[in-house]
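Below, each chain spelled out in residue letters.
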Amino acid sequence: MECEECKAGQEQYCPKKTLIYNHASKDGCPTSSQGGFANRIRLCSEFVYQLPDEILFSHAAPLFCAGLTTFTGLYKCGAGPDKTVGVKGIGPLGHLAIQYAKAMGSKEVTTIIDSQVNAGYVAKLGATRCIDFSNEVHILAEHHKIDLLLVNSFDESTNWEYVLSIVSNHGTVVILALSKEPIRIPTMPFVHRDIKIVSSFQGGHKDVIVMLAFTAKHEIHPLIVKTTARYCIVLEADESKDNGSNAKAYKPVAEQYLKD
């Protein structure tokens, strides 16, 4: 909470941050962070949030990752009534991004899908247009139409010339997906058409507060399913079946740490 990033409310970029999962605590706690696999968690009070009554507890879990990531990307890049927003990749991030873009009053919300995604379903989420990225005719028809494009998924086969061809002059590409290998993007469009490429990493303390209020106000919900994976799965720990092996193993050092 002392660096310039923290002072600016962008704690996620702090060089001394503790990540929520599998990260060593900076204050000497003997156990690493366990994130959503933990049945208890110890946090600085600045990063504990009261959920609005309109948000179910189970819905909050995806909001603090996929929801915060897409909301911040859209919010900071100016999604709104004067922008046509595109969403590439309709998964945990994309299905929330569509709802956020619509709630922000975007002029149009265009989804870029492959042939395996149900176009009718993304329309129910709020998409006004749908492009089949495997269809060259669709790509050509959308030439230079999207002002703000969120890229939630890509792989080594992604045709970045196609991706950039649907972005308008002076448009912005926001990359939210991660890849193990470097991506190869043609540079000509950036120079000749003033296209910007940016990224966003979740959000800071202030972003979370804004995101929660916005989500509650506009009744945005992640799709949670049981038994079958769709977009988001929330794990619920049944402590009655826990043999307590981990808890027993860490109990002596944890108790000593609390005493110290």
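In this text, all values refer to a predicted model and were calculated from it rather than measured experimentally.

Analysis parameters
- Residues numbered from 1 in each chain as written.
- Predicted model: local features only at pLDDT ≥ 70, side-chain atom pairs only at ≥ 80, totals over all residues.
- Heavy atoms only, no water.
- Helix = DSSP H or I, 4+ residues; strand = E, 2+ residues; numbered from the N terminus.
- Buried < 20%, exposed > 50% of the residue type's maximum accessible area, 1.4 Å probe, protein only.
- Contact = heavy atoms within 4.5 Å.
- Areas by Shrake-Rupley, 256 points an atom, 1.4 Å probe, with all protein chains shown as cover.
- Salt bridge = Lys/Arg side-chain N within 4 Å of Asp/Glu carboxyl O.
- Axes fitted to C-alpha atoms, helices over the stretch in contact; angles between N-to-C directions.
- Parallel < 35°, antiparallel > 145°, perpendicular 65-115°, else oblique.
- Nonpolar A, V, L, I, M, F, W, Y, C, P; charged D, E, K, R; others polar.
- Pairing = 2+ DSSP bridges.
- Right-handed = clockwise from strand over helix to strand, strands pointing away.

Participant: Could you give me a rundown of the overall build of the chain, with the residues and numbers involved?
Facilitator: In terms of regular secondary structure, the chain is built from 9 helices and 6 strands. A buried classification covers 38% of the 260 residues belonging to the chain. Sequence-distant contacts, at least 24 apart, represent 63% of the contacts inside the chain between residues at least 6 apart. Surface accessibility of the chain: about 15900 Å² in total, with carbon and sulfur atoms responsible for 54%.

Participant: Quick one: what's the story with the pattern of salt bridges, residue by residue and with numbers?
Facilitator: If charged atoms from side chains of opposite charge come close, those side chains can pair. Considering all chains together, one arrives at 3 salt bridges under this definition. In this structure, R129 engages E108 in a salt bridge whose closest nitrogen and oxygen atoms are separated by 3.9 Å. In this pair, R129 is assigned in strand β3 (residues 129-132) and E108 in strand β2 (residues 108-113), connecting sequence segments 21 residues apart. Residue class for E108 comes out partly exposed when judged on its relative accessible area of 28%. A cluster of three or more residues bridged by salt bridges with shared partners is formed by E108, R129 and E142.

Participant: Explain the packing of helix α2 (residues 57-76) against helix α8 (residues 205-217) residue by residue, including any values.
Facilitator: As a packed pair, α2 and α8 sit with axes 10 Å apart at the nearest point and diverge in direction by 95 degrees. The angle between α2 and α8 places the two elements in the roughly perpendicular class. Taking contact as the criterion, the partners of L63, F64, G67, L68, F71, T72, Y75 and K76 in α2 are, on α8, D207, V208, V210, M211, L212, F214 and T215. When its residues are assigned to classes, the contact of α2 with α8 shows 10 nonpolar, 3 polar and 2 charged.

Participant: If you had to explain the pairing of β2 to someone new, which residues and values would you point to?
Facilitator: Across the 6 residues that make up β2, a large majority, 5, are buried. Alignment of strand β1 (residues 84-88) against β2, held across 5 bridges, turns out to be parallel. Directly across from K88, in β2, lies its bridge partner I112. Taking the sense of rotation as the criterion, the β-α-β connection linking β1, helix α3 (residues 94-103) and β2 turns out right-handed.

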